[in-house]
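# Observations on the model geometry
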Amino acid sequence: MELQLALDLVDIPGAKEIVNEVADYIDIVEIGTPIVINEGLRAVKELKEAFPSLRVLADLKIMDAGGYEVMKASEAGASIITVLGVSDDSTIRGAVEEARKQNTKVMVDMINVKDIEQRAKEIDQMGVDYICVHSGYDHQAAGISSFEDLLTIKRVVNRAKTAIAGGIKLSTLPQVIAAGPDLVIVGGGITGQDDKRAAASQMKQLVSQV
Ligand SMILES: O=C([C@H](O)CO)[C@H](O)[C@H](O)COP(=O)(O)O
């Protein structure tokens, strides 16, 4: 099981500062959607250059033009790029085709997918690398968690790796780990702590036991 750090509410220097603190304990660093909106793919490029041994995920949440956008993120240094599960099949297939050419990977974010079971089965057949259940900020504010969705995808996904994101904290991590995702994505559960290094270290210790 791997740990991904999601960076959302910082600029490029702030992102580098946090990764400096926690790099020993994370497998993947995510350049979150808000950073991409503020700073563009330059953020992906700069983080990859600063931390070449880490995989960088570009959380573009692609909804259209999958092939083109995966190409641009891959060229910037991303190893994994996100596409939305609510997108048209052609967008997801285009993203997968381009990722294969670029030797990068596609993660499908299931945020706002209504029928998780049915859509996860369909997407799993499209050759994507990860299927991620996700309770985004707005759902978290409404008290919605994606834990039940994780159990669903664990049951029906056979080919892709499974991942979960959205409001995961040290206190909820053991329950998440027990469900057996391949990848756990944590943002505020690390970046919102006074001692980020300690939080990342404790989380890495837990996910590494599996
Ligand atoms: O994808 C995310 C969100 O939609 C903002 O772009 C976050 O990276 C994801 O939710 C993980 O962050 P936390 O919820 O703070 O753990």
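Keep in mind the model is a prediction, meaning the values are calculated, not measured. (Residues numbered from 1 in each chain as written. Predicted model: local features only at pLDDT ≥ 70, side-chain atom pairs only at ≥ 80, totals over all residues. Heavy atoms only, no water.)

## Describing the overall build of the protein chain
In terms of helices and strands, the protein chain carries 11 helices and eight strands. Taken over C-alpha atoms, the radius of gyration comes to 16 Å for the protein chain, in line with the 17 Å a tight globule of 210 residues would show. Projecting the C-alpha coordinates of the protein chain onto the three principal axes gives extents of approximately 45 × 35 × 30 Å. Residue burial in the protein chain is summarised as follows: out of 210 residues, 53% are buried. Long-range pairs, those at least 24 residues apart, make up 65% of the contacts in the protein chain with a sequence separation of at least 6. Mean positive and mean negative side-chain charge positions of the protein chain (22 and 31 charges, respectively) differ by 4 Å. (Helix = DSSP H or I, 4+ residues; strand = E, 2+ residues; numbered from the N terminus. Rg over C-alpha atoms; globule rule 2.2 N^0.38 Å. Buried < 20%, exposed > 50% of the residue type's maximum accessible area, 1.4 Å probe, protein only. Contact = heavy atoms within 4.5 Å. Lys, Arg positive; Asp, Glu negative; His and termini not counted. Charge placed at Lys NZ, Arg CZ, Asp CG, Glu CD.)

## A look at the pairing of strand β4 (residues 80-84)
Along β4, five of the five residues are buried, which leaves the element largely enclosed by surrounding structure. Burial along β4 is two-sided: I80, T82 and L84 and I81 and V83, pointing in opposite directions, are all buried. Alignment of strand β3 (residues 55-62) against β4, held across three bridges, turns out to be parallel. Bridging from a neighbouring strand, L57 pairs with I80 of β4. Running through helix α4 (residues 66-76), the crossover from β3 to the neighbouring parallel element β4 is right-handed. (Pairing = 2+ DSSP bridges. Right-handed = clockwise from strand over helix to strand, strands pointing away.)

## Comments concerning the site of the ligand
Neighbouring the ligand are 15 residues, the closest being D8, Q140, G167, G187 and G188. In this structure, an oxygen atom belonging to the ligand sits 3.1 Å away from a side-chain N or O atom of K61. Within the contact set of the ligand, an oxygen atom lies 2.8 Å away from a side-chain nitrogen or oxygen of Q140. Within the complex, 92% of the 400 Å² of free accessible area of the ligand lies under protein. Elements that contribute at least two residues to the shell around the ligand include exactly α2 (33-39), β3 and α7 (137-141). Residues that form the shell around the ligand fall into these classes: four nonpolar, seven polar and four charged. (Near = heavy atom within 4 Å. Polar contact = N/O pair within 3.5 Å; in protein donor to acceptor, adjacent residues only side chain to side chain. Areas by Shrake-Rupley, 256 points an atom, 1.4 Å probe, with all protein chains shown as cover. Nonpolar A, V, L, I, M, F, W, Y, C, P; charged D, E, K, R; others polar.)

Read these as geometric descriptors, not functional statements.
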